[in-house]
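Here are the chains, one letter per residue:
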Amino acid sequence: SQVSFEEESQKQPVVGHWKPLMPSKGNKEELETGCQDAGGVSETQSTEQLNVSRLRSSSVEIREKGSEFLKDELHKAQKELKLKDKECERLSKVREQLEQELEELTASLFEEAHKMVREANTKQAAAEKQLREARGKIDMLQAEVTALKTLVITSTPSSPNRELHPQLQSPSKAGFRKGHGRNKSTSSAMVSAASQNVAPEPVSRECREVDSILFAEFQAWKESPTLDKSCSFLDRIYQEDIRPCLDFTKQELSELVRVAVEQNTLTIEPVASQTFPVVKVAAEECGGPKKCALSGLPRTCKHRIMLGDSGNYYYISPSCRARITAVCNFFTYIRYIQQGLVRQDVELMYWEVMRLRREMSLAKLGFYPSEM
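Since we're looking at a predicted model, the values are computed, not measured.

## Examining the environment of Phe233
Part 1 of the argument: Examined against the element boundaries, Phe233 turns out to sit in helix α5 (residues 232–245).
Part 2 of the argument: Those residues in contact with Phe233 that lie beyond four places of it in its chain are Glu217, Phe218, Trp221 and Val353.

Okay, here's the thing in structure tokens:
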């Protein structure tokens, strides 16, 4: 057939004929099909490579953008951290300043409180001292009033009462009686002299002669009476009478008693009229109703003493009480002279001082009235 002829002619070209330059229809289709197959494979590979490159580029871009974002965030965080550090530093300075101000305020408050307490204690001590002095003056004035009342009632110019006029009787009976009518040493002698109406003892005749040295010292002291023991008059009496009379076995307590007598803060009271208090110091130091605190010996103690406002009582024997009372009487008399309450001649006052010195000497030697 014509078709088969054409195929054979295509397979075996005829000699002497030109090969057609243009392919036939069938060849064109085959060529196009082959080209299409080869083009499809290459296009797929290129597409995949393009996708891979795109993925790579996109991942690199994402990484770059992510790193930039992280850098920005890190930078922001560092800035915020610096701001926080500055704020913390500022707050720390504020806290330190507040703590320092609080410490200064606390210290100033404590100092002010201590200052107020010191001032209050000073004022209280001054007020208590003034109160004690006022009470002593009141007791003294009451004793003077009592003595004057008794003088007015029992004495007249025509028949004077020699018991109440020391200048009209011998110096051994003039002045102050022994013993304490009251508890305080300031008014004991005056009250007992004014309140006790004791019959005068027979006057014993004795010879007396004024010692020129002692009298001169007393006259010099009388010109400007003082309780300063540096003057020659009181210095002699301290050395010869007061210190020996108040020299007990318990040296420390003896010194406290001497200071209390000098400062007029000693109180003597009978034991029977008071209940036994609870003392703040050891019982050995205070003694007891059967033991003297000053001598340390077993004695029947009818009286006890208190030094100032300490609240501690010390039981004393009659002999120790007589010695303390003798010294108190001496200080009471020279205080009255210093205050201008004794209106007597200088010589009479001198002999009264000598009598009080004799009482201290006798008490030191152990002589004392039985009523002690």
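## Overview of the pattern of salt bridges
Part 1 of the argument: Tallied over the full model, the rule gives 14 salt bridges.
Part 2 of the argument: For Glu359, the salt bridge identified is with Arg355, shortest N-O distance 2.6 Å. Pair noted here: Glu359 and Arg355 are both in helix α9 (residues 346–365), with a separation of four residues, about one helical turn. The two residues Glu359 and Arg355 agree in class, both being buried.
Part 3 of the argument: Where salt bridges share partners, they join Glu217, Arg236, Glu240, Asp241 and Arg357 into one cluster.

## Here's the deal with the confidence of the model for the chain
Part 1 of the argument: Taken as a whole, the chain shows an average pLDDT of 77; of its residues, 69% reach a score of 70 or greater.
Part 2 of the argument: When pLDDT is averaged over each helix and strand of the chain, the minimum, 39, is found for helix α3 (residues 188–195) and the maximum, 95, for α5.

## Some remarks on the nonpolar core
Part 1 of the argument: Core analysis: the largest hydrophobic core is formed by 50 residues, its most contacted members being Ile242, Leu266, Leu294, Ile305, Ile324 and Phe330.
Part 2 of the argument: Listed by contribution, the elements that provide at least two residues to this core are α4 (212–223), α5, α6 (251–262), β1 (266–270), β2 (303–307), β3 (313–316), α8 (318–338) and α9.
Part 3 of the argument: For this core, the element with the highest residue contribution is α8, accounting for 11 residues.

## What to know about the side chain of Arg323
Part 1 of the argument: Secondary-structure assignment places Arg323 in helix α8.
Part 2 of the argument: As a buried residue without a salt bridge, Arg323 has its nearest oppositely charged side chain in Asp247, at a separation of 6.4 Å.
Part 3 of the argument: Excluding its chain neighbours within four sequence positions, the residues that come into contact with Arg323 are Pro244, Cys245, Leu246, Asp247, Phe248, Ala363 and Lys364.

## Some details on α4
Part 1 of the argument: Taking 1.5 Å per residue as the helical rise, α4 with its 12 residues ought to reach 16 Å, and the 17 Å between its terminal C-alpha atoms agrees with that figure.
Part 2 of the argument: Here α4 has its buried residues at Leu214, Phe215, Glu217, Phe218 and Trp221. Taken end-on, α4 shows its buried residues confined to a sector of 160°, consistent with a single buried face. Exposed side chains of α4 directed beyond 90 degrees from the buried face belong to Ser212, Ala220 and Glu223.
Part 3 of the argument: Buried residues belonging to α4 abut α5, α8 and α9.
Part 4 of the argument: You can read the cap of α4 off the contacts: a side-chain oxygen lies 3.1 Å from the backbone nitrogen of Ile213, and it is on Asp211.

## Remarks on empty space enclosed by the protein
Take a probe with the size of a water molecule and roll it over the atoms, and the empty space left behind shows itself.
Part 1 of the argument: Taken as a whole and judged by the stated rule, the model has one cavity of 30 Å³ or more.
Part 2 of the argument: Counted as a void, the largest cavity has a volume near 30 Å³.
Part 3 of the argument: Of all the secondary structure elements, the ones that give two or more residues to the lining of the largest cavity are α4, α5 and α9.
Part 4 of the argument: It is α5 that contributes the most residues to the lining of the largest cavity, three residues altogether.
Part 5 of the argument: Looking at the lining of the largest cavity residue by residue, the class counts come to four nonpolar, no polar and three charged.

Conventions we followed
- Residues numbered from 1 in each chain as written.
- Predicted model: local features only at pLDDT ≥ 70, side-chain atom pairs only at ≥ 80, totals over all residues.
- Heavy atoms only, no water.
- Helix = DSSP H or I, 4+ residues; strand = E, 2+ residues; numbered from the N terminus.
- Contact = heavy atoms within 4.5 Å.
- Salt bridge = Lys/Arg side-chain N within 4 Å of Asp/Glu carboxyl O.
- Buried < 20%, exposed > 50% of the residue type's maximum accessible area, 1.4 Å probe, protein only.
- pLDDT = per-residue confidence, 0-100.
- Core = buried A, V, L, I, M, F, W, Y, C linked by side-chain atoms within 4.5 Å.
- Lys, Arg positive; Asp, Glu negative; His and termini not counted.
- Expected span 1.5 Å × (residues − 1).
- Arc of directions from axis to C-beta.
- Polar contact = N/O pair within 3.5 Å; in protein donor to acceptor, adjacent residues only side chain to side chain.
- 1 Å grid on protein atoms, 1.4 Å probe; cavity = no way out; pocket = protein on both sides within 12 Å on 5 of 7 lines; lining within 4 Å.
- Points joined across faces, edges and corners; volume = space filled by probe spheres on them.
- Nonpolar A, V, L, I, M, F, W, Y, C, P; charged D, E, K, R; others polar.

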